[in-house]
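# Working through the structure, step by step
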Amino acid sequence: QVQLVQSGGDWVQAGGSLRLSCAASGRTFSDYAMGWFRQAPGKEREFVAAISRNGGGTDYADSVKGRITISRDNAKNTVYLQMNSLSPEDTAVYYCAAKYRSTSRAPQYDYWGQGTQVTVSS
């Protein structure tokens, strides 16, 4: 089992920045690729970003490319999502997720965090 505990969600004005964190425990963190997804009210959960096990590879949804950066610190068992230039369209519950070995844009991850609300006001 892998436990994922998220922190960092908040309310921010358009154009602002937030950093989300996701701390993992339970198994070897570096065995897992990590992803971030989000779900807005009335919408399906969508892919935001993913990072490979050693951090050498990243993938981003087109809608966030250039504004959002995913990173990880395997020594701290933590993955981060730095979000800049936020807009109201980024308002959603954000979820981190762990997938054994390889990343995916599909929400077929093995473990999920509890979710954290990000609200961007205009």
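Refer to the structure printed above.
As the structure is a computational prediction, the values presented were derived from the model and not from experiment.

About the criteria used
- Residues numbered from 1 in each chain as written.
- Predicted model: local features only at pLDDT ≥ 70, side-chain atom pairs only at ≥ 80, totals over all residues.
- Heavy atoms only, no water.
- Helix = DSSP H or I, 4+ residues; strand = E, 2+ residues; numbered from the N terminus.
- Rg over C-alpha atoms; globule rule 2.2 N^0.38 Å.
- Buried < 20%, exposed > 50% of the residue type's maximum accessible area, 1.4 Å probe, protein only.
- Contact = heavy atoms within 4.5 Å.
- Areas by Shrake-Rupley, 256 points an atom, 1.4 Å probe, with all protein chains shown as cover.
- Lys, Arg positive; Asp, Glu negative; His and termini not counted.
- Charge placed at Lys NZ, Arg CZ, Asp CG, Glu CD.
- Pairing = 2+ DSSP bridges.
- Axes fitted to C-alpha atoms, helices over the stretch in contact; angles between N-to-C directions.
- Polar contact = N/O pair within 3.5 Å; in protein donor to acceptor, adjacent residues only side chain to side chain.
- Core = buried A, V, L, I, M, F, W, Y, C linked by side-chain atoms within 4.5 Å.

## Details of the overall build of the protein
Across its full length, the protein carries zero helices and 11 strands. Its C-alpha atoms give the protein a radius of gyration of 13 Å, within 12% of the compact-globule value 14 Å for 122 residues. A buried classification covers 46% of the 122 residues belonging to the protein. In the protein, the share of contacts with a sequence separation of at least 24, taken over all contacts with a separation of at least 6, comes to 59%. For the protein, the accessible area works out to roughly 6100 Å², and carbon and sulfur atoms hold 44% of it. A distance of 6 Å separates the average location of the 13 positive side-chain charges in the protein from that of its 10 negative side-chain charges.

## A word on the sheet that holds strand β7 (residues 68-73)
With antiparallel pairing, four strands are arranged side by side in an open sheet as β1-β3-β8-β7. The sheet terminates laterally at β1 (3-7) and β7, the two strands that pair on one side only. Ignoring which end each strand starts from, the neighbouring axes of this sheet average 15° apart. Pairing of β7 with strand β8 (residues 78-83) involves six bridges; the strand directions are antiparallel. Within β8, the residue paired with Thr69 across the bridge is Gln82.

## Considerations on the environment of Arg38
Note on placement: Arg38 falls in strand β4 (residues 32-39). Exposure remark for Arg38: the relative accessible area of 6% places this residue in the buried category. Residues Arg38 and Val118, spaced 80 residues apart in sequence, show a C-alpha to C-alpha distance of 9.4 Å. A polar contact is formed between the side chain of Arg38 and the side chain of Glu46, at a distance of 2.6 Å. Polar contacts involving the side chain of Arg38 include one to the side chain of Asp90, which spans 2.9 Å.

## Description of the nonpolar core
Ranked by size, the top nonpolar core spans 36 residues in total, and within it Leu4, Met34, Trp36, Leu81, Met83 and Tyr94 carry the most contacts. Among the secondary structure elements, those contributing two or more residues to this core are β3 (18-25), β4, β5 (46-51), β7, β8, β9 (92-100) and β11 (116-121). Contact partners of Tyr94, with chain neighbours within four places excluded, come to Gln6, Leu20, Trp36, Phe37, Arg38, Val48, Leu81, Met83, Gly115, Thr116 and Val118.

## Re the pairing of β9
Regular strands have side chains that alternate between both faces of the sheet. Buried residues dominate β9, accounting for seven of its nine residues. Across eight bridges, β4 lies against β9 in antiparallel orientation. Bridge pairing links Ala33 to Lys99 in β9. Of the strand pairs in this sheet, β9 and strand β10 (residues 111-112) are connected by two bridges, and their pairing is antiparallel. Paired with Ala98 across the strands is Tyr111, a residue of β10.

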